[in-house]
Amino acid sequence: MQTKVLEVTGLEKRFKKFHLGPMDFELEQGMIVGLVGANGSGKSTFLRLLMKLMREDGGVVKILGMNWKEEEEEVIYKKKIGYAGELLESFDSTTIKDIKFFISHFFPTWNEEKFTRLVERYRIDIDEKFSKCSKGTKKKIDFIFAMAHEPQLLLLDEPTSGVDIVSQKKMKEDLIRFMEEGERSIVLATHTVDEINQLCDQIMVMDQGRITQSFYKDEIHDHWGRVWVSHITNNVKNHPNVIRFEVNPAQIVTNHVSNVEDVLQAEQITINQTQRLSMEEVLEYLIEQE
Amino acid sequence: MKIPIHVSDESREPIYHQVETQIKTLIVSGQLHPETPLPSIRALASDLGCSVITTRRAYQNLEVAGFIKTVQGKGTFVREVKNEHMEETKQKVVHDAFEKAVEQGIQVGCSEEEINHIFSDVMKKNFK
């Protein structure tokens, strides 16, 4: 089963000082993709464009099998998406209870029982005004509203930033549970290595408005590594798959272990040990590399 | 629902294969009894830090080989494994472990004689 929930082609948005795209991107049903990249790389803009919170300057999107440009279809697919960004800011001095009254009417699939359960789970006081809540609490409320109408696709913009550790863990559990029920998918913009490790199947790296890398997480496991060697020659130093090297003790970091092994053998260099890299280290190289 | 498996940082063996072998070992050694529920592919992927593609592949292979079964809507469970199958797997697990040990011996520069000597020492210690 390879149904695509998102097919983005040539998506573009131009601002005075920032240009997003053209972006091409696909997401299969049942997958979680992690969107990573430095601050200002365009992750939030991408999600906001998908939600039509701003107008694009070019490109086509198919979302949940529907044409993103058709206004009649927009009403349908938006009800099937859970978006947690900064959508609620406009409610400002409204209480959570009143926001719920408003939002729940928009979604035919609204699950009141689920909302109540989540509000208790994250200890949200629904009589509080949204503007009075702390940054972390606002994030939790965003998350609850994204989940409570049983969406098929979640678009989450740094859902755990500023959130306490216990609630972060609960959110991860809730997302795993969300994925267990039927064919659902998540796009998760994040700066947290744990979330990439524990939640994502795919990783997409963004830099200056463009997708610079996109792969399944296991490809990192299969190809990236640190190799300790007897010595390093110029041919090794200049090899395109060698990302970094150190002389003492001699070691190289590579994004393709087997390619580099061939070169090492040709150069008659002995391999002492090979180790996989941690996700944290790989992300550091990927984001810094650009 | 956690099961004691982990992905090695040193091994170049693909993750799905590591998972497969470790679950087989747990079943053959009797640590996982028939009908024991296994974590979902999503939960296992989360524990191991890999994708669901990998865990799904491992479960599919285990299912084809008759070690586990999936019950629609209920989850994945350990199956009763046939005796001959048990024996075969047992042999393979031990064989692979020896192979790894010998590889390591060669890596640190042991001669055949030295490795043989160590092997008979270990055997003597365990089977008096």
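What counts, and where the lines are drawn
Residues numbered from 1 in each chain as written. Chains lettered and ligands numbered in written order. Predicted model: local features only at pLDDT ≥ 70, side-chain atom pairs only at ≥ 80, totals over all residues. UniProt positions renumbered as here; feature names shortened; annotations may be inferred. Helix = DSSP H or I, 4+ residues; strand = E, 2+ residues; numbered from the N terminus. Pairing = 2+ DSSP bridges. Axes fitted to C-alpha atoms, helices over the stretch in contact; angles between N-to-C directions. Contact = placed C-beta atoms within 7 Å. Nonpolar A, V, L, I, M, F, W, Y, C, P; charged D, E, K, R; others polar. Core = buried A, V, L, I, M, F, W, Y, C linked by C-beta atoms within 7 Å. Buried ≥ 20, exposed ≤ 12 C-beta atoms within 10 Å, placed from the backbone. Domains from an automatic or database assignment.

- By the naming in an unreviewed UniProt entry, chain B goes by Transcriptional regulator and is assigned to Oceanobacillus caeni.

Digging into the UniProt feature "domain: HTH gntR-type" (unreviewed entry) in chain B
No. 1: Under the present numbering, the feature "domain: HTH gntR-type" (unreviewed entry) in UniProt falls on residues 13-81 of chain B.
No. 2: For residues 13-81 of chain B, the end-to-end C-alpha separation is 25 Å, with 51% helix and 14% strand making up the annotated structure.

Describing the sheet that holds strand E14 (residues 271-275) of chain A
Think of a sheet as strands paired side by side through backbone hydrogen bonds, with each pair either parallel or antiparallel.
Residue and element names in this part refer to chain A.
No. 1: Here we have four strands laid out as an open sheet, ordered E12-E13-E11-E14, and antiparallel in their pairing. Lying at the two open borders of the sheet, with one neighbouring strand each, are strand E12 (242-246) and E14. In this sheet, neighbouring strand axes are inclined to one another by 20° on average, regardless of whether the strands run parallel or antiparallel.
No. 2: Here E12 pairs with strand E13 (residues 251-254) via four bridges, running antiparallel.

Description of the interface of chain A and chain B
No. 1: With 17 residues of chain A at the contact, the number on the chain B side is 15 residues.
No. 2: In the side of chain A that touches chain B, the residues fall into five nonpolar, six polar and six charged.

As for the nonpolar core
Side chains of nonpolar character tend, in soluble globular proteins, to be buried together.
No. 1: If you look at the biggest cluster of nonpolar residues, it comprises 61 residues, and the most contacted ones within it are A:Val33 and A:Leu188.
No. 2: In terms of domain composition, this core takes at least three residues from each of domain 1 (4-217) and domain 2 (224-289) of chain A.
No. 3: Those residues in contact with A:Val33 that lie beyond four places of it in its chain are A:Leu27, A:Val187, A:Leu188, A:Cys200, A:Gln202 and A:Met204.
No. 4: B:Ile15, B:Val19, B:Val28 and B:Leu48 belong to the second-largest nonpolar core, a separate cluster that totals 20 residues.

What to know about unusual backbone geometry
Negative phi characterises most residues that are not glycine, and trans characterises most peptide bonds.
No. 1: Residue A:Pro22 follows A:Gly21 across a cis peptide bond; omega there is 5°.
No. 2: One can find A:Pro22 in strand E2 (residues 19-28).
No. 3: The peptide bond linking A:Asn248 to A:Pro249 adopts the cis configuration, its omega dihedral lying at -10°.
No. 4: By the element assignment, A:Pro249 lies in the loop between E12 and E13.
No. 5: The backbone phi angle of A:Glu150 is positive, close to 50°, even though this residue is not glycine.
No. 6: With respect to the element layout, A:Glu150 can be found in the loop between helix H5 (135-147) and strand E7 (153-157).
No. 7: Even without being a glycine, B:Glu35 presents a positive backbone phi close to 80°.
No. 8: The topology assignment puts B:Glu35 in the loop between helix H1 (15-28) and strand E1 (37-38).
No. 9: By the C-beta count within 10 Å, which is 10 here, B:Glu35 ends up exposed.

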